[in-house]
Amino acid sequence: MFLFDLTLETPAENVALDEALLEQAEASDKTWECLRLWESTRPMVVVGRSSQASVEVDLDVCRRREIAVLRRASGGAAIVAARGCLMYALVLSYRARPELRSLDVAHRFVLESMLAALRQFVPGIARRGTSDLAIDELKFSGNSVRCKRNTLLYHGTILYDFDLALIGELLRMPPRQPDYRQGRPHQAFVTNLPASRTAIREALVAKWRAQATTTDLPRERLRELVERRYDKDEWNFQR
């Protein structure tokens, strides 16, 4: 598995790169998998592919504070990214892992693998809801998936030194909530994993056996995705 420990300059580039890597794997005639790690240097909001931004995000606050709001290629609810939130993306091949065509199996495989890597920091962490990771009943990781014909993208967040108040400042209460949330507001629902970025990175790299690579990034496709989609209000605010 290739490793891309890479944060790009703009929010649009960072969100677009996950999709560009998925497309690169999909176009390959070989098994091509990767782990990408990145961390936004400034606050940004990312809504799910089918989300209605005005319902899930306080757009007035984001505009006033000049915080970018973007739409990702995968589903799920809106998230806030900034320093202290490690973002990860896994591109996995159905050629190597045909069982992952079942979405339930894909969720279980990835999340159990993440738990195996991160339990060294908090032994009691567990999966909650469909695709959350939590310490007791407090969420520290939310995840989503995008499936193609031969590959899937599984990506998410790991809060470790995050300003948790920022979530409540930028996001409204989500229209869809897992049962274990029990209607709690954001600050009563989320927490940080007590570990450093370096330690989390090392744990994930080791678990997925990812290795740094000289493989070229799909820069041309990345540029196209940014210009035609991720830098466009027509995409980011289409609902």
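Residues numbered from 1 in each chain as written. Predicted model: local features only at pLDDT ≥ 70, side-chain atom pairs only at ≥ 80, totals over all residues. Heavy atoms only, no water.

**Thoughts on the nonpolar core**
Counting residues in each nonpolar core, the largest one holds 53 residues, and the members touching the most others are Leu 21, Val 45, Val 57, Val 80, Phe 162, Leu 170 and Tyr 230. Tallying contributions element by element places helix H1 (residues 11-27) first for this core, with 8 residues. In this structure Leu 21 touches Phe 4, Trp 32, Cys 34, Arg 36, Val 91, Leu 217 and Pro 218, once residues within four positions along its chain are discounted. (Core = buried A, V, L, I, M, F, W, Y, C linked by side-chain atoms within 4.5 Å. Buried < 20%, exposed > 50% of the residue type's maximum accessible area, 1.4 Å probe, protein only. Helix = DSSP H or I, 4+ residues; strand = E, 2+ residues; numbered from the N terminus. Contact = heavy atoms within 4.5 Å.)

**Re the pattern of salt bridges**
Counting across every chain of the model gives 15 salt bridges. Ionic pairing is found between Glu 19 and Arg 229, a salt bridge with its closest N-O pair at 2.8 Å. One end of the pair, Glu 19, is in helix H1; the other, Arg 229, is in helix H7 (residues 219-230), with 210 residues separating them in the sequence. Shared partners join several salt bridges into a network, and the residues in it are Asp 5, Glu 39, Arg 197 and Arg 201. (Salt bridge = Lys/Arg side-chain N within 4 Å of Asp/Glu carboxyl O.)

**Details of H1**
Over its 17 residues, H1 extends 25 Å from the first C-alpha to the last, a length consistent with the 24 Å expected when each residue adds 1.5 Å. Along H1, the largest kink reaches about 30 degrees and is centred on Leu 17. With respect to burial, H1 is a largely interior element, 14 of its 17 residues being buried. (Expected span 1.5 Å × (residues − 1). Bend = angle between axes of the 7 residues up to and from the residue.)

**Some words on the packing of aromatic side chains**
Summed over all chains, the structure comprises 5 aromatic pairs. Between Phe 109 and Trp 208, the ring centres sit 5.7 Å apart and the planes meet at 80 degrees, which makes this aromatic pair edge-to-face. Of this pair, Phe 109 sits in helix H4 (residues 103-118) while Trp 208 sits in helix H6 (residues 197-208), and the two are 99 residues apart along the sequence. Classification of Phe 109 as partly exposed rests on a relative accessible area of 26%. Given the relative accessible area of 7%, Trp 208 is considered buried. With centroids separated by 5.2 Å and ring planes inclined at 45 degrees, the aromatic side chains of Tyr 180 and Phe 189 adopt a geometry described as tilted. For Phe 189, a relative accessible area of 3% puts it in the buried group. Ring pairing ties together the aromatic residues Phe 2, Phe 4 and Trp 32, which thus form one cluster. A cation sits over an aromatic face here: Arg 229 above Trp 235, 4.7 Å from the ring centre. (Phe/Tyr/Trp six-rings, centres within 6.5 Å; stacked < 30°, edge-to-face > 60°. Lys NZ or Arg CZ within 6 Å of the ring centre and 35° of its normal.)

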